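Coordinates in review
Each chain, written out:
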Amino acid sequence: MVRGNEEELQELEEEGKDEVEVEEEEDEEAHAAEEEPEGLRPLVLDATFFLLGWRPGDLPTGAPLFTVPRVVEEVRSREGRFRLSALPTLSVLSPSRASLAVVEKAVSDTGDSLSRADKEVVALALDLGGEVVSDDYSIQNVCRHLGIPFRPLFTGGIKKKFRWGYRCTSCGRIYFHDPGRCPRCGGALKRVRLR
């Protein structure tokens, strides 16, 4: 497990706070990992954490670590399995049905495309009052819509909430859910990010 002394952790936290830039256009519900003080909030890890790895300092020392069974199933590479075993305090839990239903609705509302494992990661964070660790922008977007803090590892993370929709390539009509083909003119639909 990535460990460091308390002084190093405090330095990392202070450095992180100095680097935070908040754009005036950002949502009021800004990236919660930047807003809230660092604590020992539970961290829920998605599959990319194990597939891509992590660096010392990516996680606060002593934070409780969780993931879901489907993530463990997804991690099949030798490197990923090694990273799983390198976290002896990792707890594997399933989310509640209630939280999963909340996440399913948010995914439907935003138009994001999440795997079952991704939905369970977000739902477990909701159950635990935790923070999601993921570089997946769709996971981050759903988290932002639900007010769940998230922590990217190798990317800057999303800065604003967004919603996906479908635009007809023929008539330009916008749909929030995929009807297959445009009901108005029969044209093909293209998935687009809406404002």
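As a reminder, the structure under discussion sits directly above these lines.
Since this is a predicted model, take the numbers as computed values, not measurements. (Residues numbered from 1 in each chain as written. Predicted model: local features only at pLDDT ≥ 70, side-chain atom pairs only at ≥ 80, totals over all residues. Heavy atoms only, no water.)

1. Considerations on the pattern of salt bridges
As a reminder of what qualifies: Each reported salt bridge corresponds to a side-chain nitrogen of Lys or Arg within 4 Å of a carboxyl oxygen of Asp or Glu. Under the scheme used here, helices are H or I runs from DSSP no shorter than 4 residues and strands are E runs no shorter than 2 residues, and both carry numbers assigned from the N terminus. Each residue's exposure class comes from its accessible area (1.4 Å probe, protein chains only) as a fraction of the maximum for that residue type: buried when under 20%, exposed when over 50%, partly exposed otherwise.
As enumerated under the stated definition, the model contains seven salt bridges in all. The salt bridge involving E104 is made with K119; its shortest N-O contact spans 3.1 Å. In this pair, E104 sits in helix α6 (residues 97–110) while K119 sits in helix α7 (residues 116–128), placing the two residues 15 residues apart along the sequence. Assessed through its relative accessible area of 29%, E104 is described here as partly exposed. The class of K119 is buried, set by a relative accessible area of 15%. The salt bridge involving K105 is made with D109; its shortest N-O contact spans 2.9 Å. On the criterion of helical spacing, the pair formed by K105 and D109 is a turn pair, its members being four residues apart in helix α6. Connected through salt bridges with shared partners, the residues R70, E104, R116, K119 and E120 form a single ionic network.

2. A short note on the side chain of S99
This is how it is decided: Contact definition: two residues touch when any of their heavy atoms are within 4.5 Å.
Mapped onto the elements of the fold, S99 is located in helix α6. Not counting residues within four places of it along the chain, the set of residues in contact with S99 comprises A123, L126 and D127.

3. A closer look at the packing of aromatic side chains
Note the cut-off: Only the six-membered ring of Trp is used, alongside the rings of Phe and Tyr, when aromatic pairs are assigned; centres must lie within 6.5 Å, and planes under 30 degrees apart are stacked while those over 60 apart are edge-to-face, with the rest tilted.
Applying the stated criterion across every chain yields a total of one aromatic pair. Between F49 and F50, the ring centres sit 5.2 Å apart and the planes meet at 85°, which makes this aromatic pair edge-to-face. Residue classification places F49 among the buried positions, given a relative accessible area of 0%.

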